Every structure is written in C-alpha cells, then in structure tokens.
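Residues per chain are reported as follows:
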Amino acid sequence: MANSFFKFKQFVVHQDKCAMKVCTDACLFGAWINIPKHTKHIVDIGTGTGLLSLMLAQQSEEQVKIDAVELEENAFEQAINNFAESIFSERIKGIYVNFFNYKTEKKYDILVCNPPFYKQQFATKNKANILARHSDNFDFNDFFLRCSQLSNEDASLFLLMPFYRKNEIEKIALQNKWYPKEITLVVNKIGQQPIRVMFHFVKNIEIQVLKNELIIYQENNAYTDEFTEKLIPFYF
C-alpha cells in the first residue's frame, strides 16, 4: 500500500483520497519542465494530488499564478487541501471542472498535463482508477484543440505519456499545429527500453527538435547522476 503522504523539501502531498499516487516518473516530469522568465499563467490539466502544481510553484517566480484543473471530486478535495497547507497557497487555485468544458478569458503561457495513459489495458471496478488511468474518454485531438484555445501564441505545452504512444501523440499534435521542441525518453534502468516520453511542444512554430534520453536507475539500482540533479531541489 502506498504511503498516505509524500514529503518533499518544501511541501507535503497527501494522497489517501487519490487513485493515482505520487510516482517517480511524475516527479521527474515536474522537475524536467522548464519555465521561461516571461511566464505569468500556468494551467495544470488533471492535477490529481496537486503534485505538478506544487513542483511548478516551487521552481517559478513569485508572480506566476497556477490554475489546477481536476474533474474527480475526491482528487480535487485532496489537491486543494495540499495547496492550502503549502507555502504556495496564494499562487495556486484549484478549479473543479472537466478541462474540455473549462471556460476562461485567461490565456496561459504554460500548459502541463500528465493525462490518463492507457487504452483499456487494466480491468478495474474502481471508477476513480478508471478516470485516472485510462484514456478511453480522453480525446487527444480535442485536447490539443482546447490547449490552442486557452493559450497565448508563444505558449508551451508539456505532456507526459507512455513510450508506446509516442508516435500517435506526435501525429495528433502536429495535426493541431503543436510542434515538438524537446522530446526526452525516460528509461527505468540502463540497457532497458524507454517507459515514458516527456514532450515539450510549442504553438504554431516548427523548430528543430532536441531529442535526448534520461535514465532513472543505474545497474546497482542507485539513482543516476542526471536523475539526482533534476530531483535534488525536491527530494530529501
């Protein structure tokens, strides 16, 4: 059983009400995201426990405001409690809504999403787990379109996906004029195949893509230097 909370250097994430718990790849994703100096508004799409919003708040300037969108009631309650207990409470706002129905006059500089991954790969009777893990009702074409509508012209979109969906997501993104700026393959251990892919897309501008690989564990199961460097601001 996962711990009921996960303690970071500057905040604590309680997770007893959430289907999706704090995990290594989500932490790596949050640490990997680069926040440009001009950033004013960030939206965390499907915030879950609020992990990514809290990580982004820690590594961004004080003027940056973060909207954390969540549609599952228990996860939303958990997230807003985590925000309220943190030193970043005045900068993060929880919004209880389905992202596809989210209406705002605000235009975001950065959009971040760790979406439902899987296509009917796991049998479960838990509705919260179905929402959190499965993408059957998550249309990525509509997702990229909605991101376009809610973002500035020079916006960045950061997306974490399983590696097996890499080509599919790239194709849909390009169809909606979101172009990859950086693609990082996440490998669990040296010599293994990638398990995740982290995308940095930019809007309406096709540029040269930076492609790289990040390995989490060495052969002796110790963290790699690159992983440690990314997470040391957050992990004890």
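Keep in mind the model is a prediction, meaning the values are calculated, not measured.

## Remarks on the environment of Leu145
Piece 1. Relative to the helices and strands, Leu145 resides in helix 5 (residues 140–149).
Piece 2. With 50 residues separating them along the chain, Leu145 and Ile95 place their C-alpha atoms 20 Å apart.

## Things to note about the packing of helix 5 against helix 6 (residues 166–175)
Piece 1. It is at 9 Å that the axes of helix 5 and helix 6 come closest, and there the two elements cross at 45°. Our classification of the angle between helix 5 and helix 6 gives oblique. Seen from above, helix 5 lies across helix 6 with right-handed handedness. Here Phe140, Asn141 and Phe144 of helix 5 come into contact with helix 6, specifically with Ile169, Ile172, Ala173 and Gln175.
Piece 2. For the contact of helix 5 with helix 6, the residue count by class is five nonpolar, two polar and no charged.

## Observations concerning the sheet that holds strand 5 (residues 92–96)
Piece 1. Spatially, the eight strands line up as an open sheet ordered 5-4-3-6-7-9-8-10, and their pairing is mixed. Each of the sheet's edge strands pairs with one partner strand only, and the pair in question is strand 5 and strand 10 (210–217). Strand-to-strand twist in this sheet, taken as the mean axis angle between neighbours without regard to direction, amounts to 20°.
Piece 2. Bridging between strand 4 (residues 65–70) and strand 5 involves five bridges; their strand directions are parallel. By the bridge assignment for strand 5, Asp67 is matched with Lys93.
Piece 3. Those strands touched by helix 5 are strand 3 (41–45), strand 6 (108–113), strand 7 (151–162), strand 8 (178–189) and strand 9 (194–203), and its axis lies near 150° from that of strand 7.
Piece 4. Of the strands in this sheet, strand 7, strand 8 and strand 9 touch helix 6, which is tilted by about 165° from strand 8.

## Observations concerning the packing of aromatic side chains
Piece 1. Within this structure, the stated rule accounts for 19 aromatic pairs.
Piece 2. Following the ring pairs from residue to residue traces out a cluster consisting of Phe99, Phe100, Phe138, Phe140, Phe143, Phe144, Phe199 and Phe201.

## What about the confidence of the model for the chain?
Piece 1. On average, residues of the chain score 91 in pLDDT, and 90% of them reach the 70 mark or higher.
Piece 2. Note that pLDDT drops below 50 for residues 120–135; the model gives that stretch 30 contacts with residues more than four away or on any other chain.

## Some details on the environment of Lys37
Piece 1. Mapped onto the fold, Lys37 is located in the loop between helix 1 (24–32) and strand 3.
Piece 2. Among the residues examined, Lys37 registers a relative accessible area of 68% and is labelled exposed.
Piece 3. Placed 24 residues apart in sequence, Lys37 and Glu61 show a C-alpha to C-alpha distance of 7.9 Å.
Piece 4. Once you skip the residues sitting within four places of it in the chain, Lys37 turns out to touch Glu61 and Gln63.
Piece 5. Looking at Lys37, its side chain comes within polar contact range of the side chain of Glu61, at 3.3 Å.

Reading the values: rules and limits
Residues numbered from 1 in each chain as written. Predicted model: local features only at pLDDT ≥ 70, side-chain atom pairs only at ≥ 80, totals over all residues. Heavy atoms only, no water. Helix = DSSP H or I, 4+ residues; strand = E, 2+ residues; numbered from the N terminus. Axes fitted to C-alpha atoms, helices over the stretch in contact; angles between N-to-C directions. Parallel < 35°, antiparallel > 145°, perpendicular 65-115°, else oblique. Left-handed = near helix turned anticlockwise from the far one by under 90°. Contact = heavy atoms within 4.5 Å. Nonpolar A, V, L, I, M, F, W, Y, C, P; charged D, E, K, R; others polar. Pairing = 2+ DSSP bridges. Phe/Tyr/Trp six-rings, centres within 6.5 Å; stacked < 30°, edge-to-face > 60°. pLDDT = per-residue confidence, 0-100. Buried < 20%, exposed > 50% of the residue type's maximum accessible area, 1.4 Å probe, protein only. Polar contact = N/O pair within 3.5 Å; in protein donor to acceptor, adjacent residues only side chain to side chain.

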